[in-house]
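Letter by letter, the chains look like this.
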Amino acid sequence: ILMAAGVFQSDSGFRIVVRDYNGQGSEGHRIALEDMVAKDGASVIIGPILSSSIREISGSIKSLKIPTLVFPLSEDVSDGNPYLIKFSYSLEKQARVIAKYAVQDARIKTLGVLYPRTGIGELSKEAFIKSVREYGGNIIYISSYDPVSLGISGEIEWLKSRHPDAVFIPDSATHSAQLITKLRQEDSLRDLILLGLNTWNSRAFLKALGTETDGIIFTDFFSPGSESWIDFDAKFRAAFGEEPGFLEYQVYEAASLILQILKTPIQRREDIKGRLLSFSNPLFDINENVDGSLTISPKPLILTLSGGEIIRVK
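Just so you know, these numbers come straight off a predicted model, no measurement behind them.

Caption draft 1: Structural view of the sheet that holds strand β7 (residues 193–196). Judged by pairing direction, the sheet is mixed, and its seven strands sit side by side in the order β5-β4-β6-β7-β8-β11-β12 without closing on themselves. The strands lining the two open edges of the sheet, one partner per strand, are β5 (138–145) and β12 (309–312). Across the sheet, the axes of successive neighbouring strands diverge by a mean angle of 25°, strand direction being ignored. Sheet topology note: the strand β4 (residues 110–116)/β5 ladder contains seven bridges and is parallel. Looking across to β5, one finds that V113 is bridged to I142. Contacting β4, β6 (166–168), β7, β8 (216–220) and β11 (301–306), helix α4 (residues 91–105) runs over the sheet at an angle of about 140° to β8. The sheet strands contacting helix α6 (residues 153–162) are β4, β5 and β6, and the helix crosses β5 at an angle near 170°.

Caption draft 2: The nonpolar core, seen in detail. L111, F128, L195 and L276 are the most contacted members of the largest nonpolar core, which has 54 residues in total. Among the elements that line this core, the one with the most residues is helix α10 (residues 246–261), at nine residues. Excluding anything up to four places from it in sequence, L276 contacts I85, L257, I258, I261, I286, L294 and I296.

Caption draft 3: Region of the structure containing the packing of aromatic side chains. Counted according to the given criterion, the structure contains 18 aromatic pairs. Ring geometry for F71 and F87: centres 6.4 Å apart, planes at 55°, overall tilted. One end of the pair, F71, is in the loop between β2 (68–70) and β3 (84–87); the other, F87, is in strand β3, with 16 residues separating them in the sequence. Of the two residues, F71 and F87, both sit in the buried class. When the ring of W229 is compared with that of Y249, the centres are 5.3 Å apart and the planes differ by 80°; the resulting orientation is edge-to-face. You can see W229 sitting in helix α9 (residues 227–240) and its partner Y249 sitting in helix α10, a full 20 residues away along the chain. A residue is classified by how much of its surface remains accessible, and Y249, at 2% relative accessible area, is buried. Among the aromatic side chains, those forming a connected cluster through ring pairs are F71, F87, F221, F222, W229, F232, F236, F240, Y249, Y252 and F284.

Caption draft 4: Geometry of the layout of surface pockets. A volume near 1200 Å³ is recorded for the largest pocket. Along the wall of the largest pocket there are 41 residues; nearest its centre are I1, I16, V17, M36 and I46. Counting residues per element, the ones that place at least two in the lining of the largest pocket are α1 (2–5), α2 (25–39), β1 (45–46), α9 and α10. Considering each element in turn, the lining of the largest pocket owes the most residues, five residues, to α10. Looking at the lining of the largest pocket residue by residue, the classes come out as 29 nonpolar, seven polar and five charged. In this structure, the second largest pocket encloses a volume near 820 Å³. Around the second largest pocket sit 40 residues that line it, and A173, N198, T199, F246 and L247 are the ones nearest its centre.

What counts, and where the lines are drawn
Residues numbered from 1 in each chain as written. Predicted model: local features only at pLDDT ≥ 70, side-chain atom pairs only at ≥ 80, totals over all residues. Heavy atoms only, no water. Pairing = 2+ DSSP bridges. Helix = DSSP H or I, 4+ residues; strand = E, 2+ residues; numbered from the N terminus. Axes fitted to C-alpha atoms, helices over the stretch in contact; angles between N-to-C directions. Contact = heavy atoms within 4.5 Å. Core = buried A, V, L, I, M, F, W, Y, C linked by side-chain atoms within 4.5 Å. Buried < 20%, exposed > 50% of the residue type's maximum accessible area, 1.4 Å probe, protein only. Phe/Tyr/Trp six-rings, centres within 6.5 Å; stacked < 30°, edge-to-face > 60°. 1 Å grid on protein atoms, 1.4 Å probe; cavity = no way out; pocket = protein on both sides within 12 Å on 5 of 7 lines; lining within 4 Å. Points joined across faces, edges and corners; volume = space filled by probe spheres on them. Nonpolar A, V, L, I, M, F, W, Y, C, P; charged D, E, K, R; others polar.

Now the structure itself:
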């Protein structure tokens with residue numbers, strides 16, 4: 001957010017106010033939000049970043065009538081709140097994108113799902129299965145695993161017997177890499193195509209995967225070779241001395257978009273929504289939902305690995 005506002009330059013033109021809700025849940029959020037609106041005169045609030053906190057602040061946002069930019073993991077976050085501006089490449093959309101590519105573009109005939117027994121794993125699994133079937137694909141294998149032990153010996157035997165052409169694994173970078181390594185140790189599964197989410201778009205995934213990089217396909221809304229990511233990565237490292245991830249980049253892009261439309265002063269906070277809807281950007285779709293909230297959806301990409309690097313397929 002600080003990078004998007006240009007605070008590391010001589011004159012950013014924006015005043016950034018940071019409030020800590022002190023871990024006090026919805027009450028702490030309410031107090032922090034009221035202070036930002038009443039005392040600081042905020043035009044827009046950015047955050048909370050984590051999906052688990054969005055419902056905690058929804059009532060306060062609605063009563064204060066303050067446009068608030070949030071970053072939900074799932075499409076099932078709205079609560080009928082017209083003041084929410086959701087910037088999200090949701091799990092459901094990622095599952096749909098990778099399913100469509102697998103069935104329609106890659107012409108993969110049979111698919112399976114191997115998912116962790118977590119809320120995210122279950123949500124992603126359901127969205128992928130539904131999308132594959134809608135696109136005319138054939139799901140022949142579905143199984144889950146303990147997200148702590150990552151034990152899949154039984155699942156490997158089932159995969160060897162069913163042998164789908166590709167398997168979708170909706171897990172984190174390091175967990176997915178460990179599972180892929182186990183699968184690749186089986187000679188009969190070495191040609192298995194592995195499909196994943198944007199968690200795989202990271203150096204952590206590459207490092208954990210080692211040399212087992214063939215047949216890996218995943219999705220995100222940016223590639224490490226794009227000019228925008230290279231520029232962001234360099235600036236982030238210079239400012240903070242560490243490597244950014246997809247979440248940092250997502251927040252940066254969203255904050256940059258909001259602040260871009262605020263360069264011309266607004267008369268009312270409500271004007272932000274209208275400006276966003278009339279804003280044209282080739283990298284994002286901006287739509288108003290039935291409840292009046294806005295969704296900013298980045299255009300999806302299909303990525304793979306080649307020569308130890310993440311490259312764009314589509």
